[in-house]
Amino acid sequence: MKNHRTIQPIEVSASLHDRLMKSPVYAQKIKTRTLTISILTTLLILINLFYFMANQENITEDQILESQYANFGSDLSI
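Residues numbered from 1 in each chain as written. Predicted model: local features only at pLDDT ≥ 70, side-chain atom pairs only at ≥ 80, totals over all residues. Heavy atoms only, no water.

## What about the overall build of the protein?
Stage number 1. A tally of helices and strands in the protein yields 1 helix and 0 strands.
Stage number 2. A buried classification covers 0% of the 78 residues belonging to the protein.
Stage number 3. A total of about 8,300 Å² of accessible surface is found on the protein, and carbon and sulfur atoms cover 63% of it. (Helix = DSSP H or I, 4+ residues; strand = E, 2+ residues; numbered from the N terminus. Buried < 20%, exposed > 50% of the residue type's maximum accessible area, 1.4 Å probe, protein only. Areas by Shrake-Rupley, 256 points an atom, 1.4 Å probe, with all protein chains shown as cover.)

So, in structure tokens, the structure goes:
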């Protein structure tokens, strides 16, 4: 025994129809925007990491020179 189904059209308002037809385009725009933001964020993180690694030695030297031990004994008189 076969199941016979009748296909009944669904009534949809014009505005809902327009939104449904635009949803794949909207989804693609969101996907593209998310990908762009992800790439930019990754690039900024990599640039900051590279900058930090390149200047790590200079930062350490500056911290030592500015510390309270940099001039230790300079004010001592014999």
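## A look at a nonpolar patch on the surface
Stage number 1. Among the surface-exposed residues, Leu35, Ile39, Leu40, Leu43, Leu44, Leu46, Ile47, Leu49, Phe52, Met53 and Ile59 lie close enough to one another that they form a single nonpolar patch of about 1,100 Å² accessible area.
Stage number 2. Examined against the element boundaries, Leu49 turns out to sit in helix α1 (residues 14-66).
Stage number 3. Judged by relative accessible area, which is 45%, Leu49 ranks as partly exposed. (Patch = residues over 30% accessible without salt bridge, like charges linked within 9 Å, V, L, I, M, F, W, Y side chains within 5 Å. Salt bridge = Lys/Arg side-chain N within 4 Å of Asp/Glu carboxyl O.)

## Notes on a negative patch on the surface
Stage number 1. A cluster of acidic residues, Glu57, Glu61, Asp62 and Glu66, forms a negative patch on the protein surface.
Stage number 2. Relative to the assigned elements, Glu66 resides in helix α1. (Lys, Arg positive; Asp, Glu negative; His and termini not counted. Charge placed at Lys NZ, Arg CZ, Asp CG, Glu CD.)

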